[in-house]
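Survey of secondary and tertiary structure
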Amino acid sequence: MELLRDKAKSLLTGGAVQVVIGYAAGSATDRFRPHFARSADDADRLIFGEGCRQNLAVYLLKPEVRAMGKAAVVGGPTTLRTLLQYAVENQIADGLVVALALEDGRVEELTSFAAVEEYLAQRPHGLSDGDRAELEQHAARSQKDRWAYWSAELARCIRCYACRAACPLCYCEQCITENNQPQWVPVASDAFGNLEWNVVRAMHLAGRCVNCGSCAAACPENIRIDLLNQVLAQEAMTQFGAEAGYSVRKEYALSVFKPDDKETFIR
Amino acid sequence: MSESSILQRASLGAWLEAMGRAGQRVLAPVREADRVVFATPSAPDQIATGFVQTPASAKAVVFPPYDEMLRFRANGEDVHVEEPSIAAEPTVLFGVRPCDAASFATLRAVFTWDSPDAWFEARMASLTVISVSCTQCDEYCFCTSVGGGPGSTQGSDILLTPLDDRRWLAEVLTEKGQAAAALAPQLFAPANGEAANKEKVLAHVPVRFEAKEFAQWLPSLFDRTDVWKEQSLRCLGCGACAFVCPTCSCFDIQDERVRDQGTRLRCWDSCGFRLFTLHASGHNPRHVQSERWRQRVMHKFSYQPERLGVTGCVGCGRCSRACPVDMNLGEHVRMLSEMSV
């Protein structure tokens with residue numbers, strides 16, 4: 001904790017960044033909240049612990065945060081992967097963000113995308129063993145069972161769009177659900193509308209999702225929508241070899257055209 | 001018309017059965033996987049106990065997430081419009097918290113202030129609220145700051161207070177409450193002075209601010225852009241707070257059309273959404289999140305008290321529990337209220 005605070009203070013007082021986006025204590029002992037440290041005093045409130053899981057990279061694209069100047073963002077591997085995916089999608093220029101990578105109480109300052117790439121290259125890729133086991137468990141069920149599971153889960157969706165708001169890669173200025181001329185996605189929070197919304201969202205993130213889990217954590221109905229993203233991430237990996245957020249040069253599956261594409265319909 | 005009596009908890013099943021025989025649908029907090037939701041219990045032991053608050057409010061009973069307002073079908077030049085009949089099933093809402101019971105007054109004030117809303121009125125008229133006092137609270141509860149309390153009778157037709165593991169003190173408060181109790185009068189025994197023990201079992205919910213006082217001078221904070229900005233910096237602009245809120249009543253009307261036929265829907269909406277105030281011209285009068293946050297606070301704590309004479313917040317704490325970034329309404333309002341001193 002002290003290492004993180006000291007690092008944040010030196011970045012802020014030295015003028016290297018104008019804001020450090022990290023975590024502070026929340027309403028209850030098991031809750032943490034995003035904290036925007038803009039002074040050495042502010043930095044004393046930074047903490048990091050087991051429950052600090054929200055992907056704070058989501059704030060880097062907010063106009064209010066951009067207006068503060070250069071930012072440092074605290075996080076683990078999925079936050080770092082978000083930065084590289086932002087780079088791929090031309091959302092942030094190199095050198096405009098500092099990553100404070102936390103691991104086992106140590107803090108590493110990464111000031112360029114190349115440094116983030118190198119850092120991630122030395123760490124395990126893909127799903128954790130726990131996530132993989134969970135996906136395999138789901139995949140092992142019959143199609144009928146999975147349909148029943150998702151129908152029941154998505155029926156609970158209240159269309160508050162907390163998943164979309166918490167997702168750093170759901171940054172469209174105007175989401176497709178907000179278009180009504182024509183109306184692409186049914187607005188009613190009924191079984192059909194909810195299914196369509198969640199599938200559209202999952203598809204838009206296919207090959208882009210960095211598996212931070214912020215969508216599911218944000219869901220007030222505790223729907224494990226991240227599982228849909230994980231399945232599609234695996235699918236994108238198998239079909240196109242695309243694993244989001246490990247390289248600034250990676251082209252993501254759904255936005256690339258190649259004359260020698262394996263699908264004939266696109267050629 | 002408050003009358004107190006004693007109801008044995010073991011006789012709840014008999015009472016619920018009597019309600020069923022009288023054609024009432026019963027909705028109560030029921031455990032489903034890891035959550036407590038409002039559903040029809042199949043047996044009295046299905047009704048959840050020992051929880052502080054349900055994640056979702058019960059407002060959907062009178063104001064569902066979406067309503068079908070009309071159906072339309074075009075046949076050449078001819079347009080046929082059909083209004084669906086208003087279905088209002090007689091319903092007993094059992095086991096809600098006093099804050100939830102109080103929330104119906106706010107909804108009523110909104111839905112009846114000019115031209116009464118037919119859907120709301122029909123559902124409200126067929127609703128009986130049997131609430132249960134709170135014997136525990138958590139760090140998000142602040143009913144006592146907004147005129148409520150863990151044993152408040154406001155908005156309830158009957159309020160039950162658990163005196164011990166076996167008995168409830170039943171306060172029958174309205175005609176609807178009398179009708180519900182009259183379904184099984186043999187279950188209610190004289191209270192014999194037990195009403196005096198009610199206060200002893202109630203949760204201690206600290207007063208964090210005085211909403212009535214606060215409403216007087218909150219308008220003077222309107223231009224404190226710095227404060228609104230600082231409070232809302234972490235807000236992501238989703239609708240979780242509004243959708244779990246028992247008093248948030250904003251809706252959006254949309255036509256869903258497939259070729260020449262469709263439906264007009266009104267769906268829950270939230271002032272936290274950017275789209276909420278976006279004009280067709282592209283201009284947005286609340287163009288940043290801090291202005292949307294200010295609207296949320298002002299609407300609940302200034303505009304509604306001033307214009308409708310009700311508090312726009314019952315202090316249930318749901319918004320704060322549901323918020324993905326720990327925006328704590330009670331804490332934020334306390335901070336604002338301390339700015340006056």
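Residues numbered from 1 in each chain as written. Chains lettered and ligands numbered in written order. Predicted model: local features only at pLDDT ≥ 70, side-chain atom pairs only at ≥ 80, totals over all residues. Heavy atoms only, no water.

Looking at the pattern of salt bridges
Residue and element names in this part refer to chain B. Test applied: Salt bridge, as used here: a side-chain nitrogen of Lys or Arg that lies within 4 Å of a carboxyl oxygen of Asp or Glu. In this description a helix means any DSSP run of H or I spanning at least four residues, a strand means any run of E spanning at least two, and both kinds are numbered starting from the N terminus. Only protein chains enter the calculation, and the probe is 1.4 Å; a residue is then buried if its accessible area is under 20% of its type maximum, exposed if over 50%, and partly exposed in between.
In total, this model carries 34 salt bridges over all chains according to the counting rule given. One salt bridge in this structure joins R321 and D138, with 2.8 Å as the shortest N-O distance. Taken together, the residues R321 in helix α10 (residues 318-322) and D138 in the loop between β7 (127-132) and β8 (158-162) connect sequence positions 183 residues apart. As a salt-bridge pair, K198 and E171 come within 2.8 Å of each other at their nearest N and O atoms. Linking K198 in helix α5 (residues 198-201) with E171 in strand β9 (residues 167-172), this pair joins segments that are 27 residues apart in sequence. Exposure class is identical for K198 and E171. Each is buried.

As for the domain arrangement of chain A
Residues and elements named next belong to chain A. To be explicit about the condition: Where each domain begins and ends follows an automated or database-derived domain assignment. The contact criterion used is simple: two residues touch if any of their non-hydrogen atoms lie within 4.5 Å. Here the quantity called buried area is the total loss of accessible area, with a 1.4 Å probe, experienced by two parts when brought into contact, counted for both. Here a polar contact is recorded for every N or O atom pair within 3.5 Å, except that within protein the pair must consist of a potential hydrogen donor and a potential acceptor, and residues adjacent in sequence are included only if both atoms are side-chain atoms.
Segmenting chain A into domains produces domain 1 (2-121) and domain 2 (129-255). For domain 1 versus domain 2, the distance between C-alpha centres works out to 25 Å. The interface is formed by 19 residues belonging to domain 1 together with 22 residues belonging to domain 2. A buried area of about 1700 Å², summed over both sides, lies between domain 1 and domain 2, and 55% of it is on carbon and sulfur atoms. On inspection of domain 1 and its partner domain 2, the count reaches two salt bridges. On inspection of domain 1 and its partner domain 2, the count reaches ten residue pairs in polar contact (both at pLDDT 80 or more). If you list the elements that add at least two residues to the side of domain 1 that touches domain 2, you get α4 (77-88) and α5 (113-121). No other element matches the eight residues that α4 contributes to the side of domain 1 that touches domain 2.

Things to note about helix α3 (residues 118-125) of chain B
All names here are of chain B. This is how it is decided: Arc definition: directions from the helix axis to the C-beta atoms.
Those residues of α3 lying buried are W119, F120, R123 and M124. An end-on view of α3 places all buried positions within 120° of arc, on one side of the element. Contacts made by the buried residues of α3 are with β4 (66-75), α2 (98-111), β7, α4 (175-181) and β12 (261-268). Looking at where α3 begins, the residue whose side-chain oxygen comes 3.3 Å from the main-chain nitrogen of W119 is D117.

Some details on the pairing of β12 of chain B
All names here are of chain B. Applicable threshold: Strand pairing is assigned whenever DSSP identifies at least 2 bridges connecting the two strands.
When you tally the buried positions in β12, you get six out of eight residues, the bulk of the element. Looking at chain direction, strand β11 (residues 251-258) and β12 are connected through eight bridges and run antiparallel. Across the sheet, the residue bridging to R257 is G262, located in β12. Between β11 and β12, which pair antiparallel and follow one another directly, the connecting turn spans two residues, one of which, R259, has a positive phi of 50°.

Considering the environment of L96 of chain A
Residues and elements named next belong to chain A. Here L96 lies in the loop between α4 and β4 (97-103). Along the backbone, L96 and G69 are 27 residues apart, and their C-alpha atoms lie at a distance of 8.8 Å. Those residues in contact with L96 that lie beyond four places of it in its chain are K70 and A71.

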